[in-house]
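Chains, contacts and geometry: an overview
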Amino acid sequence: MPSIENANVILQSLQRAGIEVVASLPDAFLVHVIEGLEKRNEFLHLPVTREEEGIGICTGAYLGGKRCAMVMQNAGLLNASNALTTTALQIEIPMLLLVLYAGGRGDMSFPMLGQVTEGVLGALQIPYYIPETIDQISDLVTDAVVQTYNAKKPVAIVLHKSVL
Amino acid sequence: MLRSECLESIVDLFDDVPCFVSVSRTWTEWNDLRPSDGNFKVKTLGSGSSLGLGLAMALPHRKIAVLDGDGAVTMNVNGLLTIGRLRPSNLIHLVFDNKMYESSGALPTATTYNADLVGFAAASGIESARRVATVADFRSAVENAFKTDGPHFIVADVVTPGKATSHAYSRMDETEGKFLFIRFLEAIEGRKIYQDAIDVKLSIE
C-alpha cells in the first residue's frame, strides 16, 4: 500500500523544484500525494474531473508565470493525449507529468493500459523517467523540471506502485 | 442576434483583458474587432475554460475572459464542474450558443436538442450563470461580470448568418502567439513572467 512517508518525499521534491500549481485526479496509490497537495500551503492544488482539463489548467497557469505539474494515473495520460498534443506540444508548454503506472511491473490491474503507456509517451515524444526506488525521486524531479523548460515540452515521471 | 453584434457591443470593455478565444469564426471576428496580443487562440476544442481557469488562479487580482462556443463547451463540460468547485471570482466565461459545430460543417450540437448549458453550469456550482437573448442584455451582463465577483457564465443565444464556413485561415503562428500573450501579460502586470530554463535551473538549489 502507498506510504505517507514516500508521498512526503514526492511533495518535498516538487516543492524543491519550485512547482507551484498542481492539477490532479486521484488514483488509490496517489491518495497521500494528493492529500498533501491539498494540505500544504506551498501548492495551489486544482483537482480536476478529467485529465485533459489539467493540461489546459497547467498551460493557463504557466502563461501566468507559474511552474506547473499534473498528477494522474496513466489512464489519465491517455485521456489527456489530445490536449498534450494540440496545446502543450504544439506551442511548447513546459509542465511536469507525474503518472501512476497502472498495469506496470508487478501490478495486475489494467494490463492493456500498462502495455501501451510507454508506447504512447514515445509516440508523443514526451521524455519520461521511471524511478526504481523512492531515493531517486528528488533528483529526478529536479532534473525533469529543468528539462521541461529546456526542451519546452512536457516531461513525465512514471511511478510504479512500488515506489509509492 | 448575431455573435458579431454581441462582440461589437462589448469590445470597449476589454482594454487590458486577457482573452482565451475558441478557434474558428469566433476567433476571426474577435481578433478583427480587437486586434491584441492579449487574445490567445484556443486550438484544443473545449479547453478554453481550463486555460482560463489556470490563468485566473495564477493572476487572481485580474479579470480573465473566455470566448467560447457551444460545441467547445459540450466537448469539455468537465471544465464547468471544476470551475464550479473552485469558483475563481475573476473568471468570465462567455458562450456563443449557435447550436451547431459551425466550423466543422454546421452539424447540430447537443444544445439543438435537450442540453441546457446554463442549467449545467448552475448545477455545477457556478451561481452566476445566465442566458441572454438580446444585444443590450448581453452587454449589460458582461458589464456586470466585470464589476462583480464571479465566476460568471453568460450564454448568448445567437444565430449564424448565411452559410457556415470552415476555412478561417489565420497566418498567426501559434507558438509566437503564446510568447506575445506572455509579453502582453508582462506589460499589464508590470513584471517579469516568462522563465527560461536557466531561470528555473538557478532557482533550484
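We now turn to the structure provided with this report.

Quick notes on the rules
Residues numbered from 1 in each chain as written. Chains lettered and ligands numbered in written order. Predicted model: local features only at pLDDT ≥ 70, side-chain atom pairs only at ≥ 80, totals over all residues. Helix = DSSP H or I, 4+ residues; strand = E, 2+ residues; numbered from the N terminus. Rg over C-alpha atoms; globule rule 2.2 N^0.38 Å. Buried ≥ 20, exposed ≤ 12 C-beta atoms within 10 Å, placed from the backbone. Contact = placed C-beta atoms within 7 Å. Pairing = 2+ DSSP bridges. Axes fitted to C-alpha atoms, helices over the stretch in contact; angles between N-to-C directions. Expected span 1.5 Å × (residues − 1). Bend = angle between axes of the 7 residues up to and from the residue.

Here's the deal with the overall build of chain A
A count of helical and extended segments in chain A gives 7 helices and 6 strands. Listed N to C, the secondary structure of chain A is α-β-α-β-α-β-α-α-β-α-β-α-β in terms of helices and strands. Here chain A has a C-alpha radius of gyration of 14 Å; the compact-globule value for 164 residues is 15 Å, and the two agree. Expressed as lengths along the three principal axes of its C-alpha atoms, the size of chain A is roughly 40 × 35 × 30 Å. For chain A, buried positions account for 50% of its 164 residues. Contacts in chain A between residues far apart in sequence, at least 24 positions, make up 73% of those at least 6 positions apart.

Here's the deal with the sheet that holds strand β4 (residues 96-100) of chain A
Residues and elements named next belong to chain A. Taken together, 6 strands build an open sheet; the order of strands is β2-β1-β3-β4-β6-β5 and the sheet is parallel. A single partner strand is all that each edge strand has here, and the edge strands are β2 (44-47) and β5 (128-129). Here strand β1 (residues 21-24) pairs with strand β3 (residues 68-73) via 4 bridges, running parallel. In the strand pairing of β3, S24 is matched with V71. With respect to the sheet, helix α2 (residues 31-39) is in contact with β1, β2 and β3, its orientation differing from that of β1 by roughly 140°.

Some thoughts on helix α6 (residues 111-123) of chain A
All names here are of chain A. Taking 1.5 Å as the rise per residue, α6 with 13 residues should run 18 Å; its terminal C-alpha atoms sit 19 Å apart, in good agreement. The largest bend along α6 reaches roughly 30° and is located at T117. Count one or two residues on from α6 and you reach Q125, which has phi positive near 55°.

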